[in-house]
Amino acid sequence: MSDVAGIPTPDKTDDDFWTALSNLVEPPYSEPVQDDAFTMDEHVHDAVRDLAERISTRLLAYRAAGKSPDPVLMAAPDVQLALLRALYEAKQSVDRLAESAATVAGRSGANYAQLGAAWGGIKRQSARLKWPHAVVRKSASESIPLHYAGGTAVVHHDADADAWWYTATAADQQEKESEPVHGSYAEAIAGATEFLLAHTTPGRPASG
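S.K.: Explain helix α4 (residues 77–107) here, please?
M.R.: Every α-helix carries 3.6 residues per turn, so stepping three or four residues along brings you back to the same face. An ideal rise of 1.5 Å per residue puts 45 Å on 31 residues; α4 measures up with 45 Å between its terminal C-alpha atoms. Taken residue by residue, α4 has V79, A82, L83, A86, A98, S100, A102, T103, G106 and R107 as its buried positions.

Quick look at the structure:
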């Protein structure tokens, strides 16, 4: 476990909150241990099995007949194919979530070397190819969409006000255009992601 004693923990109402948020903590994380990996496997398996049970033709037939499927039915080859299909969907979810995390981190100050290190130690060039829009040059005027929590946001810079602002459309189709009051790119991104997380699709948890 990293020594966290010296890491500032200001509240959002504190004057130095956004400054602290913009400063990348080093090291940003501790390496997961084997128990962490096993726990992750269990959580992923629970989610994937839930989907497989909902899409399996055999298990749907049992439920349509008013029968509760016996757990041993998971060993049927067609149910395992449904599980494999669900695992593919899990991989797609991981890729989407990874892109969101890389983009938020990159636009808030992380570089491609750090993104690559977090993604299993891939090289900086590989991280750049994987997430080409994650790290935006400070001089870049292009506004690139940020996809997060099922919604989309675009962060802009107001040169006259020397401040940042954003437009966002959330997963529940709520829209917001902020005022150019954010003092940094990171502050604007945080505001946009906070809005997107507060307006996810009804009935679904607010997650990235």
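S.K.: Sorry, what's going on with the nonpolar core here?
M.R.: Side chains of nonpolar character tend, in soluble globular proteins, to be buried together. Grouped together as the largest cluster of nonpolar side chains are 16 residues, with contacts concentrated most on V155, Y166, A168, Y185, F195 and L196. Contributing elements (two or more residues each) for this core: β1 (145–148), β2 (151–158), β3 (163–169) and α7 (185–198). When residues in this core are grouped by element, the largest group, six residues, is from α7. Judged by nonpolar contacts, the second largest core, of 10 residues, contains A76, V79, A82 and A86.

S.K.: Got a minute to help me understand the layout of surface pockets in this structure?
M.R.: Take a probe with the size of a water molecule and roll it over the atoms, and the empty space left behind shows itself. Considering only enclosed or pocket space, the second largest pocket measures out at about 630 Å³ in volume. Together, 24 residues line the second largest pocket, and L24, P28, A101, A105 and A110 are the ones closest to its centre. For the lining of the second largest pocket, the elements supplying multiple residues, two or more each, are α1 (17–22), α4, α5 (112–118) and α7. It is α4 that provides the largest number of residues to the lining of the second largest pocket, a total of five residues. When grouped by side-chain class, the residues that make up the lining of the second largest pocket number 19 nonpolar, five polar and no charged.

S.K.: What should I look at first to understand the pattern of salt bridges in this one?
M.R.: Where charged atoms from two side chains of opposite charge approach closely, those side chains can pair. On inspection of all chains with the given rule, the structure shows six salt bridges. A salt bridge links E194 to K12; the nearest nitrogen and oxygen atoms lie 2.6 Å apart. Of this pair, E194 sits in helix α7 while K12 sits in the segment before α1, and the two are 182 residues apart along the sequence. A salt bridge links E53 to R49; the nearest nitrogen and oxygen atoms lie 3.0 Å apart. With E53 and R49 both in helix α2 (residues 34–55) and four residues apart, this pair spans about one turn of that helix.

S.K.: Help me understand unusual backbone geometry, please; the structure alone is not making it clear to me.
M.R.: Both trends apply: most residues other than glycine have a negative phi, and most peptide bonds are in trans. Between E26 and P27 the backbone carries a cis peptide bond, its omega angle lying at -10°. Here the phi dihedral of A149 falls at roughly 50°; this positive angle occurs in a residue that is not glycine. Accessibility expressed as a relative area gives 10% for A149, which makes it buried. Positioned with a positive phi, Q173 is a non-glycine residue whose angle comes to about 75°. Take Q173: it is sitting in the loop between β3 and β4 (175–177). Residue class for Q173 comes out exposed when judged on its relative accessible area of 58%.

S.K.: Help me understand the environment of T39, please; the structure alone is not making it clear to me.
M.R.: Along the polypeptide, T39 turns up in helix α2. T39 gets classed as partly exposed once you look at its relative accessible area, which sits at 36%. Here D35 takes part through its backbone oxygen, which lies 2.9 Å from a polar atom of the side chain of T39.

S.K.: I tried to follow the sheet that holds β4 on my own but got confused; where do I start?
M.R.: Hydrogen bonds between backbone atoms are what pair the strands of a sheet, whose relative direction is either parallel or antiparallel. Read from one edge to the other, the open sheet built from four strands follows the order β1-β2-β3-β4, with strand pairing classed as antiparallel. Two strands bound the open sheet, and with one partner strand each, they are β1 and β4. Put simply, the sheet's adjacent strands are angled 25° from each other on average, direction ignored. With seven bridges connecting them, β2 and β3 associate as antiparallel partners. Residue pairing for β3: V154 is matched across the bridge by T167. Across the sheet, α7 touches β1, β2, β3 and β4, and the angle it forms with β3 is around 20°.

S.K.: Teacher, can you tell me more about a nonpolar patch on the surface here?
M.R.: On the surface, M40, V44, L81, L84 and L87 cluster together to form a nonpolar patch covering roughly 470 Å² of accessible area. Elements supplying a minimum of two residues to the nonpolar patch: α2 and α4. Looking at which element gives the most residues to the nonpolar patch, the answer is α4, with three residues. Tracing the sequence through the fold places L81 in helix α4. Its relative accessible area of 57% is what places L81 among the exposed residues.

About the cut-offs
Residues numbered from 1 in each chain as written. Predicted model: local features only at pLDDT ≥ 70, side-chain atom pairs only at ≥ 80, totals over all residues. Heavy atoms only, no water. Helix = DSSP H or I, 4+ residues; strand = E, 2+ residues; numbered from the N terminus. Expected span 1.5 Å × (residues − 1). Buried < 20%, exposed > 50% of the residue type's maximum accessible area, 1.4 Å probe, protein only. Core = buried A, V, L, I, M, F, W, Y, C linked by side-chain atoms within 4.5 Å. 1 Å grid on protein atoms, 1.4 Å probe; cavity = no way out; pocket = protein on both sides within 12 Å on 5 of 7 lines; lining within 4 Å. Points joined across faces, edges and corners; volume = space filled by probe spheres on them. Nonpolar A, V, L, I, M, F, W, Y, C, P; charged D, E, K, R; others polar. Salt bridge = Lys/Arg side-chain N within 4 Å of Asp/Glu carboxyl O. Polar contact = N/O pair within 3.5 Å; in protein donor to acceptor, adjacent residues only side chain to side chain. Pairing = 2+ DSSP bridges. Axes fitted to C-alpha atoms, helices over the stretch in contact; angles between N-to-C directions. Contact = heavy atoms within 4.5 Å. Patch = residues over 30% accessible without salt bridge, like charges linked within 9 Å, V, L, I, M, F, W, Y side chains within 5 Å. Areas by Shrake-Rupley, 256 points an atom, 1.4 Å probe, with all protein chains shown as cover.

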